[in-house]
Amino acid sequence: LLARAEEHRRKREFKSACDLYATVAVQGAMTADAWADYADAQASLTGRISGAPARAIATALELEPRHAKALWLQASLAHEERRYADALATWQRLLAVVPPGSSDARIVEANIAEAQRLAAG
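What you see is a predicted model; the values in this text were computed from it and never measured.

A. Structural detail: the side chain of glutamine 42. Its location among the elements puts glutamine 42 in helix α3 (residues 32-46). Exposure remark for glutamine 42: the relative accessible area of 10% places this residue in the buried category.

B. Representation of the packing of aromatic side chains in the model. Evaluated as defined, the whole model comprises 3 aromatic pairs. Here tryptophan 35 and tyrosine 38 contribute two aromatic rings whose centre-to-centre distance is 6.0 Å and whose plane-to-plane angle is 35°, an arrangement assigned as tilted. Here tryptophan 35 pairs with tyrosine 38, and both are found in helix α3, just 3 residues apart, close to one helical turn. Per residue, the accessibility class of tryptophan 35 equals that of tyrosine 38, and both read buried. Their ring planes at 85° and their centres at 5.6 Å tell us that tryptophan 72 and tryptophan 91 sit as a pair that is edge-to-face. Of this pair, tryptophan 72 sits in helix α5 (residues 68-80) while tryptophan 91 sits in helix α6 (residues 84-95), placing them 19 residues apart in sequence. Using a relative accessible area of 25% as the deciding quantity, one classes tryptophan 72 as partly exposed.

C. Looking closely at the pattern of salt bridges. In this structure the tally under the stated criterion is 10 salt bridges. Arginine 9 is the salt-bridge partner of glutamate 6, the closest N and O atoms lying 2.8 Å from each other. Taken as a pair, glutamate 6 and arginine 9 lie in helix α1 (residues 2-10) at a separation of 3 residues, close to a single helical turn. Considered together, glutamate 6 and arginine 9 belong to a single accessibility category, that of buried residues. Through salt bridges with shared partners, one network takes in Glu6, Arg9, Arg10, Asp37, Asp40 and Lys69.

D. Summary view of unusual backbone geometry. Positive phi, close to 65°, is recorded for arginine 12, a residue that is not glycine. Along the chain, arginine 12 turns up in the loop between α1 and α2 (14-27). You can call arginine 12 exposed: its relative accessible area is 64%. The phi angle at arginine 82 is positive, at roughly 60°, despite the residue not being glycine. Take arginine 82: it is sitting in the loop between α5 and α6. Overall, arginine 82 belongs to the exposed group, its relative accessible area being 65%.

E. Region of the structure containing the nonpolar core. Within the largest apolar cluster, 36 residues are counted, with the highest numbers of intra-cluster contacts made by Tyr21, Met30, Ile57 and Trp91. With 7 residues, the top contributor of residues to this core is α3. Excluding residues that lie within four positions of it along the chain, isoleucine 57 makes contacts with Ala39, Ile49, Ala70, Leu73 and Gln74.

F. Quick peek at α2. In this model α2 runs 20 Å from its N-terminal to its C-terminal C-alpha over 14 residues, within 8% of the 20 Å that 1.5 Å per residue would give. Among the residues of α2, those classed as buried are Phe14, Ala17, Cys18, Leu20, Tyr21 and Val24. The arc that holds the buried residues of α2, viewed along the axis, is 165°, so those residues lie on one side. Pointing more than 90 degrees away from the buried face of α2 are the exposed residues Lys15, Val26 and Gln27. Among the structural elements, α1 and α3 are those in contact with the buried residues of α2. Remark: glycine 28 follows α2 within two positions and exhibits a positive phi of approximately 75°.

Rules of the game
- Residues numbered from 1 in each chain as written.
- Predicted model: local features only at pLDDT ≥ 70, side-chain atom pairs only at ≥ 80, totals over all residues.
- Heavy atoms only, no water.
- Helix = DSSP H or I, 4+ residues; strand = E, 2+ residues; numbered from the N terminus.
- Buried < 20%, exposed > 50% of the residue type's maximum accessible area, 1.4 Å probe, protein only.
- Phe/Tyr/Trp six-rings, centres within 6.5 Å; stacked < 30°, edge-to-face > 60°.
- Salt bridge = Lys/Arg side-chain N within 4 Å of Asp/Glu carboxyl O.
- Core = buried A, V, L, I, M, F, W, Y, C linked by side-chain atoms within 4.5 Å.
- Contact = heavy atoms within 4.5 Å.
- Expected span 1.5 Å × (residues − 1).
- Arc of directions from axis to C-beta.

Following this line, the structure appears as C-alpha cells:
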C-alpha cells in the first residue's frame, strides 16, 4: 500500500495517495518517511500545511527527529504561520542534516537568511 501511495503522490494524484496513506496509518504501519510523504500529499491537496499535514509532520518527527523532509515541512509550516523564529530554528536544525555544500544546503541557507530577516521585524 505504501508503494502505491508513493506512486500516486509522484503522479500528483494526491487524493488517491492520501486515501492509501490513511489506510496504512489505521493499520499502524507508517514510517517517518510515510508520514512526511502523507503530509506532503495532504498539503498538496489542500494548499496549506496547517491542520492534518501539520499533525502528520509532528508524527514523522516523533519517529525520527532528524528527518529531513519532515523538518523542511515543519519549517515551511512555521513560515506559513508567520512564526519566523520557529522557522529559523527548524531551518537551522535541517541545515545540520542535509549534506554540506549540496543544493539543498544552499536553499536552506537562503531560507535561514530570510527567516532571520523576517524574525527581526
